[in-house]
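# Per-entry structural report
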Number of protein chains: 2
Amino acid sequence: MWQLYQFPLCPFSRKVRLLLGEKGVGYELMRESPWERRDGFLQMNPAGQTPVMADPSRNLLLMDSTAICEYLEETVDHASMINGTAANRAETRRLVSWFDHQFYQDVTAPLLHERMIKRIVHRAAPDARVLRDAMKAAIGHLDYVDFLLDHRTWIGGATLGLADLAAAAQISVTDYLGGIDWQGHEQTARWYRGFKSRPSFRPLLNERMDGIAPPSYYNDVDF
Amino acid sequence: MWQLYQFPLCPFSRKVRLLLGEKGVGYELMRESPWERRDGFLQMNPAGQTPVMADPSRNLLLMDSTAICEYLEETVDHASMINGTAANRAETRRLVSWFDHQFYQDVTAPLLHERMIKRIVHRAAPDARVLRDAMKAAIGHLDYVDFLLDHRTWIGGATLGLADLAAAAQISVTDYLGGIDWQGHEQTARWYRGFKSRPSFRPLLNERMDGIAPPSYYNDVDF
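What this report covers is the structure whose coordinates are included nearby. This one's a predicted model, so the numbers in the text were calculated from it and none came from an experiment.

### Notes on the interface of chain A and chain B
Many descriptions give the size of an interface as the accessible area lost when the pieces come together. In this assembly, 24 residues from chain A lie in contact with 24 residues from chain B. Taken together, both faces of the contact between chain A and chain B bury some 1900 Å²; the carbon and sulfur share is 64%. When the area that chain A buries against chain B is broken down by residue, the three leading residues are A:Glu74, A:Arg93 and A:Arg94, summing to 24%. Between chain A and chain B we count five salt bridges in total. Residues A:Glu74 and B:Arg93 are paired through a salt bridge, measuring 3.1 Å at the closest nitrogen-oxygen approach. For the pair chain A and chain B, the interface holds seven residue pairs in polar contact (both at pLDDT 80 or more). Of all elements in the fold, only strand 4 (60–63), helix 3 (65–75) and helix 4 (86–122) of chain A reach the threshold of two or more residues within the side of chain A that touches chain B.

Next comes the structure, spelled out in structure tokens:
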């Protein structure tokens with residue numbers, strides 16, 4: 001069975017877990033805190049990042065969430081999440097990259113640093129200016145998601161796909177950390193309410209990061 | 001015919017150009033300076049980043065270098081660059097991500113900011129401390145490439161692949177900007193000398209960025 005090295009607020013592990021859930025692939029959760037830079041973990045992944053997926057019985061070791069998702073698409077036929085024409089598939093991958101890099105860099109990463117790493121590692125208070133900038137960036141980025149959902153049923157196109165999973169991963173971690181003001185983002189909120197009901201997402205929404213509580217509406221499907 | 005929006009020192013455009021070259025796909029170079037945030041360019045790509053690949057005659061618009069490379073792999077059979085078993089392909093994609101993100105963030109991006117953006121946009125001198133940190137990170141990262149090439153013919157495995165193209169893209173921009181001390185990196189230097197002779201790479205090495213000269217050994221195959 002696959003072992004997935006992750007921690008509850010890792011957005012890239014969430015993307016992989018959503019894909020595993022949609023495809024019905026079983027896995028065992030292995031808790032890893034990459035900021036501790038544990039020797040055994042660095043030997044598996046020199047980049048020191050979660051997620052890492054291992055299947056010791058088959059001597060398989062996968063890392064980097066993009067590589068892992070493409071691997072699962074290639075090896076598990078059920079519930080394909082990169083669909084349509086080559087151009088459709090490029091559009092899905094463009095948006096996955098946008099959430100993984102642009103949204104993460106501008107919104108998720110600073111929130112994780114200020115509200116999780118500073119609490120756990122530095123025992124310091126968050127920087128209000130950094131939080132404000134991240135939440136302002138979140139508004140601009142959700143405006144773009146609203147725009148996409150004005151023209152499409154799902155974020156990447158006509159069907160549920162990896163762009164939705166990547167979006168739900170980043171947005172849910174941001175929401176957990178109180179970084180999203182849902183007012184004025186009705187299209188994205190409607191999409192997210194629907195996504196929250198998916199069986200692949202429910203277990204993630206019920207997990208908690210030690211010492212950090214989400215807002216009361218966080219796992220409410222009718223927020 | 002494809003139009004590729006890029007500038008000479010964009011490492012992600014270089015990766016795409018190397019892939020187009022290996023596959024023998026023709027394209028027209030369109031010069032774009034993303035730091036100018038030109039309206040027409042932002043309308044094509046809201047993320048404001050190069051490369052963008054357009055084929056107006058087929059109404060096709062592709063962006064994000066990962067999505068573009070996967071598109072080319074899916075649509076052009078010649079010279080496949082993501083090869084082997086699903087695990088081999090995951091290893092290629094892991095290393096592409098590592099060069100695109102880790103190497104870029106630690107080495108190429110700070111060098112581009114200090115030696116190109118500051119000169120062109122801010123008319124300011126580079127920060128010696130930032131340059132020193134980037135060059136120190138380059139040494140650590142090339143140590144890792146040396147380690148990979150101790151065990152493999154090419155960076156991603158037994159055959160030339162997208163990991164080599166991603167590596168040559170980041171390393172060549174870093175080398176142009178004087179960021180690489182080749183001493184002590186014999187394995188990587190041997191691989192890079194071989195790669196420099198490839199017809200896909202020669203045209204890139206002969207281009208210059210206005211006002212920024214590379215070191216004398218930059219396009220020498222016997223450096």
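Further notes follow.
### A word on empty space enclosed by the protein
Applying the stated criterion across every chain yields a total of two cavities of 30 Å³ or more. There is about 130 Å³ of room inside the largest cavity. Lining the largest cavity are 14 residues, and of these A:Thr66, B:Thr66, B:Arg93, B:Val96 and B:Ser97 sit closest to its centre. Residue assignment for the lining of the largest cavity shows that the elements contributing at least two residues are helix 4 of chain A together with helix 3 (65–75) and helix 4 (86–122) of chain B. Ranked by residue count, the leading element in the lining of the largest cavity is helix 4 of chain B, at five residues.

### Description of the relation of the copies chain A and chain B
Note on the identical chains: chain A maps onto chain B by a rotation of 180° and an axial translation of 0.0 Å, with an RMSD of 0.0 Å. Read as a symmetry element, the transformation amounts to a two-fold axis. An overlap of 100% is found between the interface residues of chain A and their copies at the interface of chain B, pointing to a shared contact surface.

### A look at the pattern of salt bridges
Side-chain pairs of opposite charge can arise whenever the charged atoms involved come near each other. Per the counting criterion, the structure on display carries 31 salt bridges over all chains. As a salt-bridge pair, A:Glu114 and A:Lys118 come within 2.9 Å of each other at their nearest N and O atoms. Separated by four residues within a single helix, A:Glu114 and A:Lys118 lie in helix 4, roughly one turn from each other. Summarising the burial analysis for this pair, A:Glu114 and A:Lys118 share the class buried. A cluster of three or more residues bridged by salt bridges with shared partners is formed by A:Glu70, A:Glu74, A:Arg89, A:Arg93, B:Glu70, B:Glu74, B:Arg89 and B:Arg93.

### Observations concerning the layout of surface pockets
As a volume, the second largest pocket reaches approximately 550 Å³. If you go around the second largest pocket, you meet 32 residues; those closest to its centre are B:Ala87, B:Glu91, B:Arg94, B:Arg152 and B:Gly156. Secondary structure elements with two or more residues in the lining of the second largest pocket: helix 2 (39–44) and strand 4 of chain A together with helix 4, helix 5 (128–151) and helix 6 (162–176) of chain B. Taken together, the residues that form the lining of the second largest pocket break down as 17 nonpolar, eleven polar and four charged.

### Some thoughts on the state of the cysteines
All names here are of chain A. By the definition in use, this model includes zero disulfides over all chains. Of all cysteine sulfurs, the one in cysteine 69 lies closest to cysteine 10, which takes part in no disulfide; the gap is 11 Å. Among the residues examined, cysteine 10 registers a relative accessible area of 2% and is labelled buried.

### Details of the sheet that holds strand 1 (residues 2–6) of chain A
Residue and element names in this part refer to chain A. Taken in spatial order, the four strands make up an open sheet running 2-1-3-4, and their pairing is mixed. Unpaired on one side and paired on the other, strand 2 (27–31) and strand 4 mark the two borders of the sheet. Mean inter-strand twist for the sheet, computed between neighbouring axes without regard to direction, equals 20°. Relative to strand 4, strand 3 (residues 52–55) runs antiparallel, the two sharing four bridges. Paired with alanine 54 across the strands is leucine 61, a residue of strand 4.

Definitions and limits used
Residues numbered from 1 in each chain as written. Chains lettered and ligands numbered in written order. Predicted model: local features only at pLDDT ≥ 70, side-chain atom pairs only at ≥ 80, totals over all residues. Heavy atoms only, no water. Contact = heavy atoms within 4.5 Å. Buried area = accessible area lost by both parts, 1.4 Å probe. Salt bridge = Lys/Arg side-chain N within 4 Å of Asp/Glu carboxyl O. Polar contact = N/O pair within 3.5 Å; in protein donor to acceptor, adjacent residues only side chain to side chain. Helix = DSSP H or I, 4+ residues; strand = E, 2+ residues; numbered from the N terminus. 1 Å grid on protein atoms, 1.4 Å probe; cavity = no way out; pocket = protein on both sides within 12 Å on 5 of 7 lines; lining within 4 Å. Points joined across faces, edges and corners; volume = space filled by probe spheres on them. Least-squares fit on C-alpha atoms with pLDDT ≥ 70 in both. Buried < 20%, exposed > 50% of the residue type's maximum accessible area, 1.4 Å probe, protein only. Nonpolar A, V, L, I, M, F, W, Y, C, P; charged D, E, K, R; others polar. Disulfide = S-S within 2.5 Å. Pairing = 2+ DSSP bridges. Axes fitted to C-alpha atoms, helices over the stretch in contact; angles between N-to-C directions.

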